[in-house]
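Spelled out, the chains give:
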Amino acid sequence: LEVLRERGYRLVSIPPVATHSVLFAVDELRDSGSITDFERHMLTDTALAGVLEWVAPDWIAQQYRDRSLHFFTQLHAEPPGTFVWGHVLLPHFPFVFEADGGPQPLPECLPGCPWTNELADVGHVDLEEAYLPQLRYTNQLVLSSVERITGEDPDAAFPALPGPLPSYKGTGWKWTT
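Residue numbers restart at each chain and count upward from 1, following the sequence in its written direction. Reporting of local features is limited, given that this is a predicted model, to residues whose pLDDT is at least 70; pairs of side-chain atoms are given and counted only at 80 or more, and all residues count toward the totals for whole chains, interfaces and linings. Side-chain descriptors were evaluated using all non-hydrogen atoms of the structure, hydrogens and water having been removed beforehand.

**Q** Looking at this structure, how should I read the packing of aromatic side chains?
**A** By convention here, two paired aromatic rings are described through the distance between centres and the angle between planes. Note on aromatic contacts: the rings of Phe and Tyr and the six-membered ring of Trp form a pair at centre separations within 6.5 Å, being stacked when their planes are under 30 degrees apart, edge-to-face when over 60 apart, and tilted otherwise. Inspection of the entire model under this criterion finds three aromatic pairs. Pairing F71 with F72 gives two aromatic rings, centres 5.0 Å apart and planes at 90 degrees, and the pair type is edge-to-face. Per residue, the accessibility class of F71 equals that of F72, and both read buried. Ring geometry for F97 versus Y137: centroids 4.8 Å apart, planes at 40 degrees, classification tilted. Separated by 40 residues along the polypeptide, F97 in the loop between β3 (82–86) and α5 (118–121) and Y137 in helix α6 (residues 127–152) bring together distant segments of the chain. Here F97 and Y137 have matching classes, each one buried. Exposure categories follow from relative accessible area, calculated using a 1.4 Å probe and restricted to protein chains: below 20% of the type maximum is buried, above 50% is exposed, and the middle band is partly exposed. Strands here mean DSSP runs of E at least two residues long; helices mean DSSP runs of H or I at least four residues long; both are numbered from the N terminus.

**Q** Got a minute to help me understand empty space enclosed by the protein in this structure?
**A** A probe matching the size of a water molecule, rolled over the atoms, marks out where space remains unfilled. A cavity here means a set of 1 Å grid points, computed over protein atoms only, where a 1.4 Å probe fits but cannot escape. A pocket is an open set with protein on both sides within 12 Å along at least 5 of 7 lines, and lining residues have an atom within 4 Å of a point. Grid points are joined across faces, edges and corners, and a volume is the space filled by probe spheres set on the points. Per the stated rule, a full pass over the model turns up one cavity of 30 Å³ or more. Computed from the structure, the largest cavity encloses a volume of approximately 130 Å³. What lines the largest cavity is a set of 18 residues, and nearest its centre among them are V17, Y64, R67, S68 and L89. Examining the composition of the lining of the largest cavity, we find that five residues originate from one element, helix α4 (residues 59–77), more than from any other.

**Q** For this particular structure, what's the right way to read the nonpolar core?
**A** The criterion is simple. A nonpolar core is a set of buried Ala, Val, Leu, Ile, Met, Phe, Trp, Tyr and Cys residues joined through side-chain atoms within 4.5 Å. The biggest cluster of nonpolar side chains holds 20 residues, and the ones touching the most others in it are F71, F72 and L90. For this core, the elements supplying multiple residues, two or more each, are β1 (10–14), α4 and α6. In terms of residues, this core owes the most to one element, α4, which gives six residues. Setting aside its immediate chain neighbours within four residues, F72 contacts V88, L90, L141, V142 and S145. F93, F95, L127 and A130 belong to the second-largest nonpolar core, a separate cluster that totals five residues. Residue contacts are defined here by distance: any two heavy atoms, one from each residue, within 4.5 Å place the two residues in contact.

Written out as structure tokens, the structure reads:
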């Protein structure tokens with residue numbers, strides 16, 4: 001990071017839901033205030049799960065949507081000369097977006113069941129039907145960001161480093177980086 005600072009970059013980190021990938025040694029941390037993995041765990045894997053299911057079954061999914069959209073809003077707002085570290089859980093599970101960006105219906109068992117691909121293992125989710133709309137919307141968000149950044153400065157760098165993508169058991173689907 002010091003190499004970037006020495007070259008005049010301002011460093012910004014936009015935390016994802018999965019807080020294990022937050023970069024803290026930055027000039028600015030831009031948190032959306034939305035739910036984190038730990039908070040989601042407390043609300044879905046403890047006695048609170050029943051209350052949330054009864055009061056606001058879509059609340060966690062909306063938190064995931066808000067955090068993802070916050071990332072792209074912040075990314076679009078950064079001026080040239082900014083290095084942004086961010087990790088967006090898209091098109092990662094849970095699948096919360098339709099292809100048009102609207103909310104995807106949640107499996108009936110949520111929020112009381114696992115927010116992982118285990119939902120497919122036990123038959124609550126058809127991975128292809130759930131994954132593809134979110135992938136299409138993710139592509140729109142990413143392409144819009146690349147176009148905005150390179151439109152302002154054709155020489156601007158846009159390093160996008162995809163993480164390891166999962167293999168979903170029993171579907172024949174396998175993604176790699």
